[in-house]
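Tertiary structure, described
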Amino acid sequence: MTAQTHVPSLLSRAGAVSALTLATVAGTMLAPGAASEAEAATLSFRALKIAESKKGSPYQWGATGPHRFDCSGLTLYSFKKAGKKLARTAQAQYNQTRHISPSSRRKGDLVFFHSGRYVYHVGIYAGKGRIWHSPKTGSLVRLEKIWSRNVLYGRVK
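What comes next is a walk through the structure. (Residues numbered from 1 in each chain as written. Predicted model: local features only at pLDDT ≥ 70, side-chain atom pairs only at ≥ 80, totals over all residues. Heavy atoms only, no water.)

Checked against the element boundaries, Ser 139 lands in the loop between β4 (130–133) and β5 (142–145). Residues in contact with Ser 139, not counting those within four places in the same chain, are Ser 57, Pro 58 and Tyr 59. (Helix = DSSP H or I, 4+ residues; strand = E, 2+ residues; numbered from the N terminus. Contact = heavy atoms within 4.5 Å.)

Okay, here's the thing in structure tokens:
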């Protein structure tokens, strides 16, 4: 009997089981507050964590890392390290993503700032209305609240 077929039979005999018991029987233990395995395994979540690890890196126009970044350079670098190639500019990255509604956004999605049809800035959504981004000359990669209503959301395919 494999572990997969054995677990359901144990559960049916045991009746109701706590999540902790289920995790133990299945052989997976997660620390309280830790990301779920499914979330941690997603491309976008990995890219978010990579961007977060670049906190404090200086902005440099045209830079794509690993020590200096412009806005689209940070997103390009983060997704490349997570396993997905992105286009170079914020506009091209917007064109490459699946466009989603604000209510559908989730951690790791890209946030595009625009003026009319022109996308001029991009960051990675971190949850709670915040993004990781490389803002402008003289600044550092940082976590910041989304400051504009002129944003669009994209999910990397």
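The next point concerns the nonpolar core. Leu 48, Phe 79, Leu 110, Phe 112, Val 122, Ile 124 and Trp 132 are the most contacted members of the largest nonpolar core, which has 23 residues in total. Once you skip the residues sitting within four places of it in the chain, Leu 110 turns out to touch Thr 75, Phe 79, Leu 86, Gln 93, Thr 97, Val 122, Gly 123, Ile 124, Leu 152, Tyr 153, Gly 154 and Val 156. Core analysis: the next-biggest nonpolar cluster, separate from the first, contains eight residues, Ile 100, Val 111, Phe 113 and Tyr 153 among them. (Core = buried A, V, L, I, M, F, W, Y, C linked by side-chain atoms within 4.5 Å. Buried < 20%, exposed > 50% of the residue type's maximum accessible area, 1.4 Å probe, protein only.)

Turning our attention to helix α5 (residues 71–82). In this model, α5 (twelve residues) spans 17 Å end to end at C-alpha, consistent with the 16 Å of a helix rising 1.5 Å per residue. Taken across its twelve residues, α5 has ten buried, putting it largely inside the fold. Cys 71, Ser 72, Gly 73, Leu 74, Thr 75, Leu 76, Tyr 77, Ser 78, Phe 79 and Ala 82 are the residues of α5 that are buried. Buried-residue contacts for α5 involve α4 (43–53), α6 (90–96), β2 (110–115), β3 (118–127) and β4. Downstream of α5 by a residue or two, Gly 83 has a phi angle that is positive, lying close to 115°. (Expected span 1.5 Å × (residues − 1).)

There is about 170 Å³ of room inside the largest pocket. If you list the elements that add at least two residues to the lining of the largest pocket, you get α5, α6 and β3. When residues of the lining of the largest pocket are assigned to their parent elements, the largest contribution, three residues, is made by β3. Within the lining of the largest pocket, the residues separate by chemical class into seven nonpolar, three polar and two charged. (1 Å grid on protein atoms, 1.4 Å probe; cavity = no way out; pocket = protein on both sides within 12 Å on 5 of 7 lines; lining within 4 Å. Points joined across faces, edges and corners; volume = space filled by probe spheres on them. Nonpolar A, V, L, I, M, F, W, Y, C, P; charged D, E, K, R; others polar.)

Below, the discussion takes up the side chain of Thr 97. As for its placement among the helices and strands, Thr 97 is situated in the loop between α6 and β1 (98–100). Since its relative accessible area comes to 4%, Thr 97 is described here as buried. One polar contact links the side chain of Thr 97 to the main-chain carbonyl oxygen of Tyr 94, over a distance of 3.0 Å. Each residue touching Thr 97, except ones within four places of it in the same chain, is listed here: Leu 110, Phe 112, Gly 154, Arg 155, Val 156 and Lys 157. (Polar contact = N/O pair within 3.5 Å; in protein donor to acceptor, adjacent residues only side chain to side chain.)

Moving on, we get to the environment of Tyr 153. With respect to the secondary-structure elements, Tyr 153 resides in strand β6 (residues 151–155). Under the relative-accessibility criterion, Tyr 153 is labelled buried at 5%. The spacing of Tyr 153 and Ser 101 is 52 residues in sequence and 6.6 Å in space, taken between C-alpha atoms. If we skip the residues at most four places from it in the chain, Tyr 153 touches Arg 98, His 99, Ile 100, Pro 102, Arg 105, Leu 110, Val 111, Phe 112 and Ile 146. Within the structure, Tyr 153 has its side chain in polar contact with the side chain of Arg 105 (distance 2.7 Å).

Spatially, six strands are ordered β1-β6-β2-β3-β4-β5 in an open sheet, and the strand pairing comes out antiparallel. This sheet does not close on itself; its edge strands, each paired only once, are β1 and β5. Between one strand and the next, the sheet's axes are offset by a mean angle of 45°, whatever the strand orientation. In this sheet, β4 lies alongside β3 in antiparallel orientation, the contact comprising three bridges. When the sheet's bridge partners are listed, Gly 127 is paired in β4 with Arg 130. Along the sheet face, α5 touches β2, β3 and β4 and points at about 50° away from the line of β3. (Pairing = 2+ DSSP bridges. Axes fitted to C-alpha atoms, helices over the stretch in contact; angles between N-to-C directions.)

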